[in-house]
Amino acid sequence: KSLLKVFHQSVYAGIYIGFGGMLSLVVAGGIADASKNNPTVQSFVFAALFPVNLLLILLTGGVLITGASAIVPAAVYEKKAHWSHIPKIFVVSWIGNLIGAVIFALLVHYCDMNAGFTADLARKIVYRKCSTDFIKTFIKGIGCNWLVCMAVFLSGQAQDMAG
């Protein structure tokens, strides 16, 4: 793939991450009162909806740095790409993902979509992530990326959308 194509696919993948996050925040934030007696309901709804972004990315050919971290080294290992492609793809996909996510965040801010219960849940998540031990959060991130890489791998094995 050309780096321009990877960049384009990375930008819209960053936007799709925003869509999935916003969908999760709006729906899960909206059930805060319903989940007061059982807060795991809100967490479950958030976790069940967030992967919609990954589905959008995989079905449209988007490139996430998380998926690229598995696919590009595998292509090098299988001699389908040169090792020099690894840093290039990583940098371009990371920058593209960042730009897409920032564009989505600016649009959300401009449209006043992050308010009320949505903003409340966003603040709650940020507080929880920032007040947890860095090493524990980092290890959880590795586990999350492992699952993303597995999803990317499995989508590559599928013969059709139902997979």
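To be clear, the structure that these remarks concern was listed above.
Quick caveat, the model's predicted, so the values are computed rather than measured.

(A) Up close: the packing of aromatic side chains. All told, the structure shown has five aromatic pairs when counted by the stated rule. Centroid distance Phe 19 to Phe 104: 4.8 Å. Interplanar angle 65°. Geometry classified as edge-to-face. Taken together, the positions of Phe 19 in helix 1 (residues 3-30) and Phe 104 in helix 5 (residues 85-110) put the pair 85 residues apart, joining distant regions of the chain. The class for Phe 19 is partly exposed, based on a relative accessible area of 42%. Taking 6.0 Å as the distance between ring centres and 25° as the angle between the ring planes, the aromatic pair formed by Phe 134 and Phe 138 counts as stacked. Of the two residues, Phe 134 and Phe 138 both sit in helix 7 (residues 134-157), four residues apart, roughly one turn of that helix. By relative accessible area, Phe 138 is classed as partly exposed at 48%. An aromatic cluster is defined as three or more aromatic residues linked by ring pairs; in this entry it consists of Tyr 12, Tyr 16, Phe 19 and Phe 104.

(B) Focus on the side chain of Ser 10. Locating Ser 10 in the fold gives a position in helix 1. Owing to a relative accessible area of 0%, Ser 10 belongs among the buried residues under this scheme. Filtering out sequence-adjacent residues up to four positions away, Ser 10 remains in contact with Val 63, Val 92, Ser 93, Gly 96 and Asn 97.

(C) Highlighting the packing of helix 1 against helix 5. Close contact between helix 1 and helix 5 brings their axes to 7 Å; oriented N to C, the two are set at 40°. One element, helix 1, and the other, helix 5, form an angle in the oblique class. Like other packed secondary-structure pairs, helix 1 and helix 5 cross with a definite hand, here right-handed. Residues that form the contact of helix 1 with helix 5 fall into these classes: 16 nonpolar, seven polar and one charged.

(D) Local environment of a positive patch on the surface. Together, Lys 124, Arg 128, Lys 129, Lys 136 and Lys 140 make up a region of like positive charge exposed at the surface. Secondary-structure elements contributing two or more residues to the positive patch are helix 6 (117-131) and helix 7. With three residues, the top contributor of residues to the positive patch is helix 6. Its place among the elements puts Lys 136 in helix 7. When its relative accessible area of 54% is taken as the criterion, Lys 136 is described as exposed.

So, how was this worked out
- Residues numbered from 1 in each chain as written.
- Predicted model: local features only at pLDDT ≥ 70, side-chain atom pairs only at ≥ 80, totals over all residues.
- Heavy atoms only, no water.
- Phe/Tyr/Trp six-rings, centres within 6.5 Å; stacked < 30°, edge-to-face > 60°.
- Helix = DSSP H or I, 4+ residues; strand = E, 2+ residues; numbered from the N terminus.
- Buried < 20%, exposed > 50% of the residue type's maximum accessible area, 1.4 Å probe, protein only.
- Contact = heavy atoms within 4.5 Å.
- Axes fitted to C-alpha atoms, helices over the stretch in contact; angles between N-to-C directions.
- Parallel < 35°, antiparallel > 145°, perpendicular 65-115°, else oblique.
- Left-handed = near helix turned anticlockwise from the far one by under 90°.
- Nonpolar A, V, L, I, M, F, W, Y, C, P; charged D, E, K, R; others polar.
- Patch = residues over 30% accessible without salt bridge, like charges linked within 9 Å, V, L, I, M, F, W, Y side chains within 5 Å.
- Areas by Shrake-Rupley, 256 points an atom, 1.4 Å probe, with all protein chains shown as cover.
- Salt bridge = Lys/Arg side-chain N within 4 Å of Asp/Glu carboxyl O.
- Lys, Arg positive; Asp, Glu negative; His and termini not counted.
- Charge placed at Lys NZ, Arg CZ, Asp CG, Glu CD.

The analysis is restricted to geometry; functional conclusions fall outside its scope.
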